[in-house]
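As a plain string of letters, each chain reads:
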Amino acid sequence: MSVKSLLSPSMKKGMQEAVYIELYQSNLWKSLANQLQRLGFFGSQKYFLAESAEELTHYQMHVEFMNDMGDCADLPKIDAITEKVGNIGDALDAGYSIELDVYNQYKDFYEKAQKEDVSVAQYLLQFVEIQRKAVGHYGDLLAKYKVAETTKELLEFDQHISDV
Ligand SMILES: [Fe+2]
């Protein structure tokens, strides 16, 4: 007996989009890390490299889930990263914006999955929560960055970005 995929074509498409977005986000954080290193913000460089690694754990969770469902994740072509940042604030703006987009993407996919496949929906719920927390976290980072900007404590912020 051969293993049959339990994913419908539309659920497979959604999972592939989720694979793409995690890999894209991982690359985006790497690009921000590289640019911040060039600007001398080494604390932020480290922070974004850790963020990049975390997205790869999300990607791997999707791979395992698709395998459990008798399917196999395809590796997509990833778009080039075009965001250019001149300071930590720009990087945090870009971060907040993508976390919000990804949050909405997982919410939409979850709603679709609820009607189609309870296993996919149950699996996706943790990503709705992960993204909700990420949006909140970037909101906090932006708030703290604004304070650091006003009080001219940008290097202090850079050193302690991982503590927020
Ligand atoms: Fe992620």
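None of these values were measured; they are calculated from a predicted model. (Residues numbered from 1 in each chain as written. Predicted model: local features only at pLDDT ≥ 70, side-chain atom pairs only at ≥ 80, totals over all residues. Heavy atoms only, no water.)

Trainee: I would appreciate a short explanation of the pattern of salt bridges in the present structure.
Mentor: Between side chains of opposite charge, pairing is possible as soon as their charged atoms come close. Within the structure shown, the criterion is met by five salt bridges. Between Asp71 and Lys12 there is a salt bridge, with its nearest N and O atoms 2.7 Å apart. Within this pair, whereas Asp71 is found in the loop between α2 (42–68) and α3 (88–116), its partner Lys12 is found in helix α1 (residues 9–38), the two being separated by 59 residues in sequence. The salt bridge partner of Glu17 is Lys13, with a shortest N-O separation of 3.2 Å. Remark: Lys13 and Glu17 occur in helix α1; sequence separation between them is four residues, near one turn of the helix. Accessibility expressed as a relative area gives 39% for Glu17, which makes it partly exposed. A relative accessible area of 54% places Lys13 in the exposed class. One network of salt bridges, with partners in common, ties together Lys12, Asp71 and Asp74. (Salt bridge = Lys/Arg side-chain N within 4 Å of Asp/Glu carboxyl O. Helix = DSSP H or I, 4+ residues; strand = E, 2+ residues; numbered from the N terminus. Buried < 20%, exposed > 50% of the residue type's maximum accessible area, 1.4 Å probe, protein only.)

Trainee: Just to check I follow, could you spell out α3 for this structure?
Mentor: One full turn of an α-helix is made of 3.6 residues, so residues set three or four places apart face in the same direction. The terminal C-alpha atoms of α3, which comprises 29 residues, lie 42 Å apart, in line with the 42 Å expected from a rise of 1.5 Å per residue. A distance of 3.0 Å separates the backbone nitrogen of Gly89 from a side-chain oxygen at the start of α3, and that oxygen is part of Asn87. (Expected span 1.5 Å × (residues − 1). Polar contact = N/O pair within 3.5 Å; in protein donor to acceptor, adjacent residues only side chain to side chain.)

Trainee: How should I be thinking about the environment of Leu100 in this particular structure?
Mentor: You can see Leu100 is positioned in helix α3. Among the residues examined, Leu100 registers a relative accessible area of 31% and is labelled partly exposed. Separated by 32 residues in the primary sequence, Leu100 and Arg132 place their C-alpha atoms 8.1 Å from one another.

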